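Take a look at the letters that make up each chain.
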Amino acid sequence: MQEEVENKTVNLMISTTKLTARTLIAGFRKYSQHHAKVKAGKAVPRGKQSVKELVGQGQGVSSLDISTTGIRDFERIANKYGVDYAIKKDQSVTPSKYLVFFKARDADALTAAFDEYQAKRLNHRDEKPSVLAQLNKFKELVAALPKKVRENVQERDI
C-alpha cells in the first residue's frame, strides 16, 4: 500500500513539473510574439512633436514662418487637420519668428490649415476694434458732455 502511494505521488510530481515547464515555454512564446509585434508596429507620434522626432520619421521636412501672435490658434487648427508639426522659435531675427516644421506628405493638409489660420487672423482683426480706438472714442464722448456746475450757496435764516 505504501509503495502505491509513493508511486502515485511521484507520478503527480512529474506531471506537475511537465505542466509547469510547458506553461512557461508557452508563456515565453506569447511574450516573444507580443514583443516582436510591438517592435514592428512602433507607435508613431502624431500632432505636435519635437523637431528631432519629426526629422527622425524620415519622410522629409518642410518649414513655414508664422508671426509671434496666435500660435495657440495655429496649433488648434493644425490638430483639427491632423498635421504632424513641430514649432521652433527663431531668435536670431528681431522680432523673433516661429518656424513651423511639417512632413512633406502633410503639405496639402498644412496648406488648408494655414489658409484657415490666415483667414481667422484677418477676421479676428476686423471683428475686434483696438482698445486704444475705443478709449479715444470714449474720451471724446466724455469731453462732449456738459459739465455740471455746482454752486455752494449757504443761506442763513435769522
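Higher on the page you've got the structure.
Remember, predicted model here, so these are calculated numbers, not experimental data.

Asks: In this structure, what is going on with the overall build of the protein? I would like to understand it.
Replies: Looking only at helices and strands, the protein has five helices and three strands in total. For the protein, the sequential pattern of α-helices and β-strands runs α-α-β-α-β-β-α-α. Looking at the protein residue by residue over its 158 residues, the buried ones come to 16%. Across the protein, the fraction of contacts at a sequence separation of at least 24, relative to all contacts at a separation of at least 6, is 68%. Put simply, the protein shows about 13,500 Å² of open surface, and 56% of that area lies on carbon and sulfur atoms.

Asks: Explain the sheet that holds strand β2 (residues 85-90) here, please?
Replies: By definition, the strands of a sheet pair up through backbone hydrogen bonds, in either a parallel or an antiparallel sense. Taken in spatial order, the three strands line up as β1-β3-β2 in an open sheet, and their pairing is antiparallel. The two strands at the open ends of the sheet, each matched to only one other strand, are β1 (61-66) and β2. Recorded for the sheet is a direction-independent mean angle of 25 degrees between the axes of neighbouring strands. Here β1 runs beside strand β3 (residues 97-103); their pairing, made up of six bridges, is antiparallel. By the bridge assignment, I66 is partnered in β3 with Y98. Across the face of the sheet, helix α3 (residues 71-81) comes into contact with β1, β2 and β3 while running at roughly 160 degrees to β2.

Asks: I keep staring at the nonpolar core and nothing clicks. Help me out?
Replies: Most often, soluble globular proteins have nonpolar side chains that are buried together. Counting residues in hydrophobic clusters, the biggest one holds 15 residues, and the most contacted among them are I66, F74, V83, Y85, I87 and V100. Going through the elements one at a time, α3, β2, β3 and α4 (107-127) are the ones with two or more residues in this core. Once you skip the residues sitting within four places of it in the chain, F74 turns out to touch I66, V100, L110, F114 and Y117.

Asks: Please clarify how the environment of K88 should be interpreted in this entry.
Replies: Within the secondary structure, K88 sits in strand β2. Taking the C-alpha atoms as reference, K88 lies 7.7 Å from V51; in sequence the two are 37 residues apart. Those residues in contact with K88 that sit more than four places away from it in its chain are V51, K97, Y98, L99 and F101.

Scoring rules and cut-offs
Residues numbered from 1 in each chain as written. Predicted model: local features only at pLDDT ≥ 70, side-chain atom pairs only at ≥ 80, totals over all residues. Heavy atoms only, no water. Helix = DSSP H or I, 4+ residues; strand = E, 2+ residues; numbered from the N terminus. Buried < 20%, exposed > 50% of the residue type's maximum accessible area, 1.4 Å probe, protein only. Contact = heavy atoms within 4.5 Å. Areas by Shrake-Rupley, 256 points an atom, 1.4 Å probe, with all protein chains shown as cover. Pairing = 2+ DSSP bridges. Axes fitted to C-alpha atoms, helices over the stretch in contact; angles between N-to-C directions. Core = buried A, V, L, I, M, F, W, Y, C linked by side-chain atoms within 4.5 Å.

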